[in-house]
Each structure stands twice: as C-alpha cells, then as structure tokens.
Amino acid sequence: MTTFTEHLIKLTDHRDRDLLELTLAKALIDLVPIQRVVMARVTAEDNEKRWLDLVSLDAGGGGRVVDPLRIDFKELPRLEDSYDRLRCLRGQQEIEVAWAGEGGPRIYYRPLFGDGRSEDDQGVMEIHAAGVLAAEDRLTIAQLHRIYCNMYTLLAYSDRDALTGLLNRKSLDDTFYSAVLEELDGVMQDPKAEPVAGKERRHRVPPNYWLGNIVIDNYHLLSDKYGHLIMEEVTLLVARIMASTFRTHDRLYRFGGEQFAVLFHCPEEALALGAFERLRANIEKYNFPQVGRVTISAGFTRVLADDSPSTALERTEQAVDFAHKNGRNKVCSHPDLVRRGMFGEVSRTGSVDVF
C-alpha cells in the first residue's frame, strides 16, 4: 500500500488542477477503508445549474474521469435532484447519511471548498463506506482534503489573470494537451512529460475542440481617450460577459491587454460560430460606463490532432486580422476563410508572439 507521505507528494507534485480531484480520490481509496469516492462540481448553462461528477472511483477497481468540455449538459442531474449534496453545499459542512441502519452503509458528504465561494464555483465530495468510519480514518480524510484545497488555491493563483480572474497564457499551455480525460490510465500517465529538445510537446487532441481568439476593437484608441483605469473596467466587464455567455467549464483566458481566448468542445463549426456570435452581440449591446459602445473581433479554429497552442493560435490570429481588415465587430472562422480561398493554411512555425 502506498503511504500517506507518498500520496502527499503526488498531491503536491501537480501543475494541473484538473488532475487534483483524481489524485485525491486515489489517495482516499488507498488509505481509508471506503468503497467509493465521487467528486462532483456545480456546472451552469443559461442560468441553469446541474451536477457534474468529475471523478468516480471504486475500491474494487474501475471508475471514470469525465472531461468537462465534452459533457452533454442536459443529461446531467439538476442541482435540486440531489437533496443531500445540496444540503452539504449550502450548509458548508460535512453530512453523514446512513441509509441502512445506524451501523450500516453510509455516505459522507463534504464540501470541496469551505471558503465562502459562490455556489457556481463549488462542489461536493462523496465518500461511500460500508459502516461508520473510525476517528483516525476521518482525520486522514480531513487532512488529505485540506492539502487538496491548499494545492487548488495555489494553482488557481498561479494560472489566473490578476485583473479578470480568467485563466492566463501559461495555463493554456498547461491544459491544451490534457483537454480530454477519457480513460483513467491515460489521465495518470505522465501528465508532465518534458518536450523534445527544440520542439513543443504534441498530443493527439480529438476532433471538435475549438480555440478562439477575441480582441477588443480599437483598444489603444479607447485607452488614449478614456484612460487606463476606465479600460481596466471595460476589460473586467468583457471578461464577465464572456463568463456569462460561455458554459461553466469552457476554458476562458486573458492574455493581457485587449486579448482574450476560449477553448471549448463543440460538435459542429456552425455551433461554435454561434457561440462567438452570441458573445459579439452581447458585448455590442452592453452599455459600458463612460465609454458606451464597445465591440470585439474574434477568430476561431478547430484544434487539429498535431497542434500545439502556438500553431492553433496562429490560425486564430490570422482570422482576427481578417476581421480587422474588413470592418471589425466580426467573427471569422479560419476553416471557412480557407474554404473561401481568402488565404491558405498557416505554416507551422512552432512559435508565435501573442502579446
């Protein structure tokens, strides 16, 4: 059996928050006599909230890890469908539910975060046991849970933009290759592999992932006219409109200044275009304090199997450039522009300056 110290090393060895829930679940299964662990987070779409079971592991072997970007939101249980989870979430305290007598099987519900976060940024850990857990086992659970929370907070601080709270450019590199978590063994297999000398690491990304580049139009002219502080407020509001337009688990980024990005899963190009058009329209109709009307230009591309972040971003930037040259306040699909013969495929140089 792996020791507590060895699991502690694994929990504190990650750079990717997406692997923390899985690592915590594996540690609990290994160190505590329990039957099952489930890590569930709240996800939202169009102001409707549902439960997403990110990780589910069984002591006898087996389990699953879900890629949040590929979920069918409508198939997820609604928030109110799980009374005990909701009670734990809103009460922000552990709940013990015995469903076959006082000494029989039970489920311990623990809030993933007890720091007063909004319900939209919360979750619940379910621990299924055959009976009452001993005090030392509950202490082990509490200690591992605290380490998880500390690591999550540290990683969140390092991969977030300080102004908007969106993910930063470094985070795109860290998450791009691990966007899909389809099988448990695949998730845990060398998530921190080093790049080959002189080349970026490659990962075979499944189809139907889309990367978009979003730029506030005439940002520098607006900054000269209204000043830096006013444009910081505009930037914050654009980030909030992005968060309300896209789904909870779509990856939203700010690269600095006027430039944003989004990585998400979508089955069709037309639907991806629709998402960016909704963002463009939502920003265009918003009345920004002291500034009034602000618009964006956006370009997006399908993530290809042998892409790196920089090669995909090159194509999105080419699409944004096309939008700028054709009036701004537009959304351009790079695949569509190629089909229309506006330009050829971007050569893969392996690097691009996105700042």
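These numbers were taken from a predicted model, which means no experiment stands behind them. (Residues numbered from 1 in each chain as written. Predicted model: local features only at pLDDT ≥ 70, side-chain atom pairs only at ≥ 80, totals over all residues. Heavy atoms only, no water.)

A. Broad picture of the side chain of T43. Tracing the sequence through the fold places T43 in strand 1 (residues 36–45). The exposure class of T43 is buried, given its relative accessible area of 2%. Ignoring sequence-local partners within four residues, the contact set of T43 consists of E48, K49, R50, L52, I71, F73, L76, T248 and H249. (Helix = DSSP H or I, 4+ residues; strand = E, 2+ residues; numbered from the N terminus. Buried < 20%, exposed > 50% of the residue type's maximum accessible area, 1.4 Å probe, protein only. Contact = heavy atoms within 4.5 Å.)

B. Here's a closer look at the pairing of strand 4 (residues 95–98). Residue alternation in strand 4 divides its side chains into a buried set, I95 and V97, and an unburied set, E96 and A98. Relative to strand 5 (residues 106–111), strand 4 runs antiparallel, the two sharing four bridges. For E96, the partnering residue across the bridge sits in strand 5 and is Y108. (Pairing = 2+ DSSP bridges.)

C. The pattern of salt bridges, seen in detail. Scanning the entire structure with this criterion turns up 23 salt bridges. The salt bridge partner of R280 is E277, with a shortest N-O separation of 2.8 Å. Of the two residues, R280 and E277 both sit in helix 9 (residues 269–285), three residues apart, roughly one turn of that helix. For E277, a relative accessible area of 29% corresponds to the partly exposed category. What you see here is one network of salt bridges that share partners, running through E94, E96, R106, R110 and R138. (Salt bridge = Lys/Arg side-chain N within 4 Å of Asp/Glu carboxyl O.)

D. Representation of the packing of helix 1 (residues 4–11) against helix 2 (residues 20–31). Running from N to C, helix 1 and helix 2 cross one another at 175 degrees; their axes reach a closest spacing of 10 Å. Between helix 1 and helix 2, the angle is such that the two are roughly antiparallel. For the pair helix 1 and helix 2, the contacting residues are F4, H7, K10 and L11 in the first and L20, T23, L24, K26, A27, D30 and L31 in the second. When grouped by side-chain class, the residues that make up the contact of helix 1 with helix 2 number six nonpolar, two polar and three charged. (Axes fitted to C-alpha atoms, helices over the stretch in contact; angles between N-to-C directions. Parallel < 35°, antiparallel > 145°, perpendicular 65-115°, else oblique. Nonpolar A, V, L, I, M, F, W, Y, C, P; charged D, E, K, R; others polar.)

E. Local environment of the pairing of strand 6 (residues 123–129). Counting buried positions over the seven residues of strand 6 gives seven, a clear majority of the element. Covered by surrounding structure in strand 6 are G123, M125, I127 and A129 together with V124, E126 and H128, the residues of both alternating faces. Sheet analysis places strand 1 next to strand 6, joined by six bridges and oriented antiparallel. Along strand 6, the bridge assignment pairs A40 with V124. Pairing analysis gives six bridges linking strand 5 to strand 6, with the strands arranged antiparallel. Across the sheet, residue R110 finds its bridge partner in strand 6, namely M125.

F. Structural view of helix 2. Helix length check: helix 2, at 12 residues, gives a terminal C-alpha distance of 16 Å against a target of 16 Å (1.5 Å per residue), a fit within 8%. Burial of helix 2 is extensive: 10 of the 12 residues sit out of reach of the surface. Taken together, the buried positions of helix 2 are L20, E21, L22, T23, L24, A25, A27, L28, I29 and L31. (Expected span 1.5 Å × (residues − 1).)

G. Local environment of the side chain of T311. Looking at where T311 falls in the secondary structure, it is placed in helix 10 (residues 309–325). Taking the relative accessible area as the measure of exposure, T311 reaches 2% and is therefore buried.

H. Region of interest: the confidence of the model for the chain. Here the chain averages 83 in pLDDT, while 84% of its residues score no lower than 70. Considering each helix and strand of the chain separately, the mean pLDDT is smallest for helix 6 (residues 184–188), with a value of 35, and largest for strand 11 (residues 331–333), with 97. Predicted confidence is poor over residues 346–355, with pLDDT under 50, and the contacts of this stretch with residues over four places away or in other chains come to 31 contacts. (pLDDT = per-residue confidence, 0-100.)

I. Highlighting the sheet that holds strand 10 (residues 296–302). Taking strand neighbours across the sheet as the criterion, the five strands line up as 8-9-7-10-11 in an open arrangement whose pairing is mixed. Every interior strand has two partners, whereas the edge strands, strand 8 (251–256) and strand 11, have only one. On average, each strand axis in the sheet is inclined to that of its neighbour by 20 degrees, with strand direction left out of account. Bridge analysis of strand 7 (residues 209–216) against strand 10 gives seven bridges, and the strand direction is antiparallel. The residue bridging W210 from the neighbouring strand is R302, located in strand 10.

J. Spotlight on the sheet that holds strand 1. Ordered by their spatial adjacency, six strands build an open sheet running 3-2-1-6-5-4, and the pairing between neighbours is antiparallel. Single-partner strands in this sheet number two, and they are strand 3 (63–65) and strand 4. When strand polarity is set aside, the average angle formed by the axes of neighbouring strands in this sheet is 25 degrees.

K. How the structure looks around unusual backbone geometry. The phi dihedral of Q290 is positive, around 70 degrees, even though this residue is not glycine. Its place among the elements puts Q290 in the loop between helix 9 and strand 10. Despite not being glycine, R328 has its phi angle at roughly 65 degrees, a positive value. Here R328 lies in the loop between helix 10 and strand 11.

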